[in-house]
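Each chain is listed here by its residues.
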Amino acid sequence: MCAVRIETLRALEPVASLPEARLNELIGLCHVETASKNSNPFLVRGIAGQAVYLLRGELALTYPDGSSKVLVGGSERSRYPLGRRGEVFTSVKAITDVELMRIDDDLLDVMATWDEAASADYSGKKIEDEGSSLANWTLMSGMFSVSSLKYGAFSQLPSAHINELLRRFERINVKKDDAVIREGAEGDFYFVIETGRCKIERMIGGVSMLLAELKSGDAFGEEALVSEAKRNATVTMKTDGVLLRLSRKDFAELLREPLLRRISAGEARDKIANGAQWVDVRYPSEYQYDKLAGAINIPLSEIRNAFGVLDKSKEYVLYCQSERRSAAAAFLLAQRGYRAFLLAGGLWGEAKRGT
């Protein structure tokens, strides 16, 4: 059990960017440890796969070029995890008794993805307002008319691909007050509302908050399937209705993967050299700390605000820590016709490749 208080978490980055409810959850998921003066606190357990913060005391860090630095708990530099910016230490020594806090990197990244995806997906704007409504679909012999697929993710797929995609949709009847999606559950289906209305709610500080209302033609559920995170909100029917749903497997095969264009670090650098733009979709605090040269910052939660602002003739290479947030952002941009590419593996992939 973590011994720190929420005030301590609020002083750390990117942890401080998480909402209050997530910080309260995180308190029980972090680990605090101490190390004695003159010891190497990472001799037995290193920092790979973890965000490690120095809370109190002083550490002497020695680098491969022979240089050294002293990190002091409570300083501006200690607000960020050790080993970021590609730092590699040859030795670490506690100058004083020290207190460290560890958070699983993957856990922190999933939390960031979940919360930013919630803001991006349910920001109070209807999907049709974003120019990607599916409301113009028309029914023909129990199937959507391919000729009417003018907007949204389907517009970039070959017609034969769309035919197969629509063939795999399953129509289900739902009743008023049915919970179609529950916050915290695994993502299993992508949904399109054929008839009826539903509401999007999320627990914030123990209170259920209304985020948006959707109607016939609107789609939902793609964020969890793209980012491979858990559901970030609850979707409940306000009326009786009919939904079309696509399984996770079919969504990945026929919609997600065709639109997510992953490229290697080398390919990304070539594109940047030829005029493409790096887009960092992490929190501003993460961006400011270790952004790639020339990158602009559009957090996942703000990506919808970039629709109509970004130049559709330009190529964009998106990245985050792990690929989760950037995958969700790249999908949202790609389904609106932007030339969006995804840095395979994210910055963690870069670090593993030693670049």
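Computed from a prediction, not measured in an experiment: that's the story for all the values here.

Chemist: Tell me about the sheet that holds strand E5 (residues 91–94), residues and numbers included.
Modeler: Read from one edge to the other, the open sheet built from 3 strands follows the order E4-E3-E5, with strand pairing classed as antiparallel. Edge positions in the sheet fall to strand E4 (68–72) and E5, since each of these pairs with one other strand and no more. Across this sheet, the average inter-strand angle for adjacent strands is 20°, counted without regard to direction. For strand E3 (residues 58–62) and E4, the ladder comprises 5 bridges, and the chain directions are antiparallel. Note that in E4 the partner of Leu-59 across the bridge is Leu-71.

Chemist: So what's going on with the pattern of salt bridges? Which residues, and what values?
Modeler: Summed over the entire model, instances satisfying the criterion amount to 22 salt bridges. Notably, a salt bridge pairs Glu-76 with Arg-79, separated by 2.8 Å at the nearest N-O pair. The partly exposed category is assigned to Arg-79, whose relative accessible area is 23%. A salt bridge links Glu-323 to Arg-262; the nearest nitrogen and oxygen atoms lie 2.7 Å apart. You can see Glu-323 sitting in the loop between strand E20 (315–319) and helix H9 (324–334) and its partner Arg-262 sitting in strand E17 (residues 262–263), a full 61 residues away along the chain. For Arg-262, a relative accessible area of 36% translates into the label partly exposed. Overlapping salt bridges bring together Arg-168, Lys-249, Asp-250 and Glu-253 as one network.

Chemist: Which residues make up the nonpolar core, and what values do they have?
Modeler: One finds Phe-169, Tyr-190, Phe-251, Leu-318 and Leu-333 to be the most contacted residues of the largest nonpolar core, which totals 37 residues. Only helix H4 (159–167), strand E11 (189–195), helix H5 (222–227), strand E16 (241–247), helix H6 (248–259), E20, H9 and strand E21 (339–343) provide two or more residues apiece to this core. For this core, the leading source of residues is H9, giving 8 residues. Ignoring anything within four residues of it in the chain, the contact list for Leu-333 reads Ile-303, Phe-307, Leu-310, Leu-318, Tyr-338 and Ala-340. Ile-6, Val-15, Val-32 and Tyr-53 belong to the second-largest nonpolar core, a separate cluster that totals 20 residues.

Chemist: Break down the sheet that holds E20 for me, with residues and values.
Modeler: Across the sheet, 5 strands lie side by side as E17-E21-E20-E18-E19; this open sheet has parallel pairing. Since the sheet does not close on itself, it has two edges, and those belong to E17 and strand E19 (296–297), each with one partner. Note: strand E18 (residues 277–280) against E20, 4 bridges, orientation parallel. Residue pairing in the sheet places Val-279 in a bridge with Leu-318 of E20.

Chemist: Any details on unusual backbone geometry? Residues and values, ideally.
Modeler: Most of the time, phi is negative for any residue but glycine, and the peptide bond is trans. With an omega of 0°, the peptide bond between Glu-13 and Pro-14 qualifies as cis. By the secondary structure assignment, Pro-14 is in the loop between helix H1 (6–10) and helix H2 (20–27). A positive phi angle, near 75°, is found at Asn-38, a position not held by glycine. Along the polypeptide, Asn-38 turns up in the loop between strand E1 (31–35) and strand E2 (50–56). The backbone of Asp-177 shows a phi angle near 80°, a positive value even though the residue is not glycine. Examined against the element boundaries, Asp-177 turns out to sit in the loop between strand E9 (170–174) and strand E10 (179–181). For Asp-177, a relative accessible area of 56% corresponds to the exposed category.

Chemist: Give a description of the pairing of E16 that names residues and reports values.
Modeler: The buried fraction of E16 amounts to 5 of the 7 residues, a majority that puts the element mostly inside the structure. Bridge analysis of E9 against E16 gives 5 bridges, and the strand direction is antiparallel. The residue of E16 that forms the bridge with Glu-170 is Arg-245. Alignment of E11 against E16, held across 6 bridges, turns out to be antiparallel. When the sheet's bridge partners are listed, Ile-193 is paired in E16 with Leu-243.

Chemist: Residues and numbers for the packing of aromatic side chains, please.
Modeler: All chains considered together, the criterion is met by 8 aromatic pairs. With a centroid separation of 5.1 Å and 45° between ring planes, the pair formed by Tyr-190 and Phe-251 is classed as tilted. In this pair, Tyr-190 sits in strand E11 while Phe-251 sits in helix H6, placing the two residues 61 residues apart along the sequence. Each member of the pair Tyr-190 and Phe-251 is classed as buried. An angle of 90° between the planes, with centres 5.7 Å apart, marks the rings of Trp-278 and Tyr-319 as edge-to-face. Of the two residues, Trp-278 is situated in strand E18 and Tyr-319 in strand E20; the sequence distance between them amounts to 41 residues. In terms of burial, Trp-278 and Tyr-319 fall into one category: buried. Aromatic ring contacts, followed pair by pair, group Phe-189, Phe-191 and Phe-220 into a single cluster. Arg-261 extends its terminal NZ or CZ atom over the ring of Phe-341, reaching a point 4.6 Å from the ring centre. Directly above the ring of Tyr-287 sits Lys-291, whose terminal nitrogen or CZ lies 5.3 Å from the centroid.

Criteria and thresholds
Residues numbered from 1 in each chain as written. Predicted model: local features only at pLDDT ≥ 70, side-chain atom pairs only at ≥ 80, totals over all residues. Heavy atoms only, no water. Pairing = 2+ DSSP bridges. Helix = DSSP H or I, 4+ residues; strand = E, 2+ residues; numbered from the N terminus. Axes fitted to C-alpha atoms, helices over the stretch in contact; angles between N-to-C directions. Salt bridge = Lys/Arg side-chain N within 4 Å of Asp/Glu carboxyl O. Buried < 20%, exposed > 50% of the residue type's maximum accessible area, 1.4 Å probe, protein only. Core = buried A, V, L, I, M, F, W, Y, C linked by side-chain atoms within 4.5 Å. Contact = heavy atoms within 4.5 Å. Phe/Tyr/Trp six-rings, centres within 6.5 Å; stacked < 30°, edge-to-face > 60°. Lys NZ or Arg CZ within 6 Å of the ring centre and 35° of its normal.

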